[in-house]
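Geometric and topological summary
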Amino acid sequence: MHHQNRMFEHMVLDASDSPNLKPDAATKAAGKELRKHFYQQANAADKLHFLIDRMKTVASSRGTSQTIVSPSDSVAWLTGAQHECNEKYLFDQCMELAKEGGIGEKLVDVLHGALKDMKTGSGVNGEPLNRLFCCRGDPADPTRACTSPATFFCSNCHLHSYCSKECQKTQWSLHKGDCKRSPQGATWRPQWEVEGYEPNLVGARNQIFSQASAEYLWGNMEAVDVFNLSDEEVGFAEFRAVFAASGDFRDVIMSVNGLRSGSEFCNFNIHVNDWGPMAAARNLLLLVLLAHPDNLKLVDAVIATWYSVCMTDSQMAKIQEILLPLLALGPNAKQWTVGKTVIHLGNGFDGIFHMLVGMSSNSLGLHDGMQKYHDLMMTMDRIDFRHRIMLDLLPYERLAWFEQRNFGLLLPFGSFNAHHNTLNKFLFHPIHGFNMFDSCEKLDGWNQEQVLESGKQAGCSSNDLYGCLFFHVRQQLVSFISKIAKHKIVFHFSCQNALNLATSMTAQNLLCDRIWVSNISDQNYVGLTAVKRTFLPLCNRVLNPNSVLITLFMNWITTTKLTSDLRIRPRYLKLTEEKAAKLFDNGTPFYTTTMLSTPQICLFDLWPLFEEWLKEAFGKDGVGFREVNSVVPRRVRVPVGAKNGVLPEKEARHRFFTSDRSMYVEWK
């Protein structure tokens, strides 16, 4: 794998430099046994310190010096160096040094204490951010940050929160720029109106991204529970579910969190697969952290890993410390055990492994990383795209959206964040950098009402959309930790084409109770015909009549000829103009150029059009679905079990959380 960390060039001896770094078979065997013994006897912190000291020795032997500036730098240092040496002679020499006791005791003591006692919360001084706290603080002086719970909001913006009038007065000099002079405030207008030009409101197909290999690392459809066990299934002894094209981890979390009481005695096997090595690697890392014995202390670190461009140094150091012993098992490992959770590693794990090593040892710094993020997410070429989003928001919702977009942090608005000054390496591709689409939006993956309710319970204002999202994700993660502790769940991770996954499971005769393929059934991906041919035979119909293949169609309406039919489009435009004022209660105009990607789509019964499209696109493969879904809703915001034609229960006002054109179909 191409290694990005340039500092190792001066620190690691190449095998060609010395014949002593070419061990024979006996030496290799001895080294293997030594490593095995070491990993059985030593804890992760000890391994870290031994290797760091050896790296220091190697650097010195090459006539160079390297300053260890932080625990996370140390872990990145050893991870990259260990990988570059291919775990051979350097590792063996480290063990010899450890046995002889010839290590830097003072360095070990200092780093060991730092790793053992570090706090990984996102709050002040590393405390968990489990509710809304007072916003008073000085970015340059963490000791001045208030640690009291918030009791009220600024009456103007409802974004900044305080514990007392004294704290509010103290903070006013910093807050007034947001509150009174914000360019995203009440008088804001989109640039195309200010400068008088026709907006370039492009659709998703014209979105920009950093590389041809860009991935969706945040979900772009509301999380869905694809288990939703029936009364009969609650008592099953075995239950197998497949997330064949998982994307991020939200559907797995949502499904596990929905497990009903009484299912604790069932043996669950959950297969999580994605073709993208970065998405798959991140999902595996999130599960490792959530299964770790210190999981409740790591919840904020998981949120940062998932959604933020930066995290605290302690969070990064702890993640690296947990990950290192697992990576030391190598790319051919078949299983990881984290706490009580067993994770089987299947086809394509070598790609996941190398991605995790590459991200862990990436030397990309904070400044360069933020520049790469800004080059994609804040490019002036897409200002109309961003202003279209802001147009749908209330004034101080716009401010919250802009600040989150600009800084890339998922935290409550105004929270002390100066200590979030370490780049989240696990959001950056080792080669391509920030490798996402600029239309990726954190809020798209979750339910609007649930997000706002979670924020309310934590004391957050509804204006602070991302503060509400932080607390909602936190709530979901805590619930997931509780569920995996109570239930018998074995996870299986792979990184391969979904059809290859189906072929492999067929060869092993692994019948499934749930098969969730996301939207690979769309015509521009795998397509429905291939999906049904390979996955339907895996449904466990004999033992479980409720076993089901679930597909999502997101892009169907852009591929059907019927959308240009005069019976459809004039009706759509007429109704959206009539309903625009209700949907956009801030009085902003409705631009028909946004067409079928706006919240107004929830006003229409699209089922007749969709059913006709299925037959048009797939012929005989477009039939055979359940007339009424029993596991997932037919559309977002429609109850499970509702008849076709039932409209969403509630209109979504924002661009995110939309009840849009997508259709979920369960196949018999």
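For the structure itself, consult the block above.
Throughout this document, residue positions are counted from 1 along each chain, in the order its sequence is written. In keeping with the model being predicted, local features are shown solely for residues with a pLDDT of at least 70 and side-chain atom pairs are shown and tallied solely at 80 or more, while totals for entire chains, interfaces and linings include all residues. To obtain the side-chain values, all non-hydrogen atoms of the structure were included, while hydrogens and water were left out.

**Some remarks on the overall build of the protein chain**
Spelled out, the test is: The helix count covers DSSP runs of H or I at least four residues long, the strand count covers runs of E at least two residues long, and both are numbered beginning at the N terminus. Note on classification: 1.4 Å probe, protein chains only; a residue is buried when its accessible area is under 20% of the maximum for its type, exposed when over 50%, partly exposed between these limits. Note on contacts: a residue pair is in contact if any heavy atoms of the two residues lie within 4.5 Å. Here the Shrake-Rupley method, with its probe set to 1.4 Å, supplies the accessible areas, and only the displayed protein chains count as covering residues.
Scanning the protein chain from N- to C-terminus turns up 22 helices and twelve strands. Put simply, the protein chain has 668 residues, and 59% of those count as buried. Contacts spanning at least 24 positions in sequence make up 79% of the contacts within the protein chain whose residues lie at least 6 apart. Of the roughly 27700 Å² of accessible surface on the protein chain, a fraction of 52% belongs to carbon and sulfur atoms.

**Details of the side chain of Gln404**
Within the element layout of this structure, Gln404 appears in helix 16 (residues 395–407). A residue is classified by how much of its surface remains accessible, and Gln404, at 7% relative accessible area, is buried.

**A closer look at the pairing of strand 12 (residues 663–667)**
Defined as follows: Should DSSP find at least two bridges between two strands, the strands are regarded as paired.
Among the five residues in strand 12, five count as buried, and that is most of the element. In strand 12, alternate side chains face the same way, and those of Met663, Val665 and Trp667 on one face and Tyr664 and Glu666 on the other are all buried. Inspection of the sheet shows strand 11 (residues 548–553) paired to strand 12 by five bridges, in the antiparallel sense. Its bridge partner lying in strand 12, Thr551 is registered against Val665.

**What to know about the packing of helix 11 (residues 299–307) against helix 18 (residues 465–486)**
In plain terms, the rule: Structural elements are reduced to axes, namely lines fitted to C-alpha atoms, with helices fitted over the stretch in contact, and the angle between N-to-C directions of any two is expressed from 0 to 180 degrees. Here is the rule for angles: anything less than 35 degrees is roughly parallel, anything more than 145 is roughly antiparallel, 65 through 115 is roughly perpendicular, and the remaining ranges are oblique. In this scheme the handedness of a crossing depends on how the near helix is turned from the far one: anticlockwise by less than a right angle means left-handed, clockwise means right-handed.
Two elements in contact, helix 11 and helix 18, have axes separated by 10 Å at closest approach and are oriented at 120°. The angle between helix 11 and helix 18 places the two elements in the oblique class. Crossing of helix 11 against helix 18: the hand is right-handed. Every residue of helix 18 that contacts helix 11 at Val299, Asp300, Val302, Ile303, Trp306 and Tyr307 is listed here: Phe470, Val473, Arg474, Leu477, Val478 and Ile481.

**A short note on the sheet that holds strand 7 (residues 341–345)**
As summarised here, the arrangement of the eight strands in space is 6-7-9-4-3-10-11-12, forming an open sheet in which the pairing is mixed. The open sheet terminates on both sides in strands that have one partner only, identified here as strand 6 (335–338) and strand 12. The average angle at which neighbouring strand axes cross in this sheet is 15°, direction not considered. In this sheet, strand 4 (residues 267–273) lies alongside strand 3 (residues 238–243) in parallel orientation, the contact comprising six bridges. Across the sheet, residue Ala241 finds its bridge partner in strand 4, namely Ile270.

**Considerations on the packing of aromatic side chains**
Inclusion rule: What counts as a ring pair is set by centres within 6.5 Å for rings of Phe, Tyr and Trp (its six-membered ring), and what kind of pair is set by the plane angle: stacked under 30 degrees, edge-to-face over 60, tilted for all other angles. Counted as over-ring charges are cases with an Arg CZ or a Lys NZ within 6 Å of the ring centre that also lie within 35 degrees of the ring normal.
The full count for this structure, using the stated rule, is 27 aromatic pairs. Considering the side-chain rings of Phe152 and Tyr162, the 6.1 Å spacing of their centres and the 40° angle between planes classify their relative orientation as tilted. Here Tyr162 lies in strand 2 (residues 161–162) and Phe152 lies in strand 1 (residues 152–153), a separation of ten residues in the sequence. Among the residues examined, Tyr162 registers a relative accessible area of 0% and is labelled buried. Taking the ring centre of Phe385 as reference, the NZ or CZ of Arg382 above it sits at 4.0 Å.

Read these as geometric descriptors, not functional statements.
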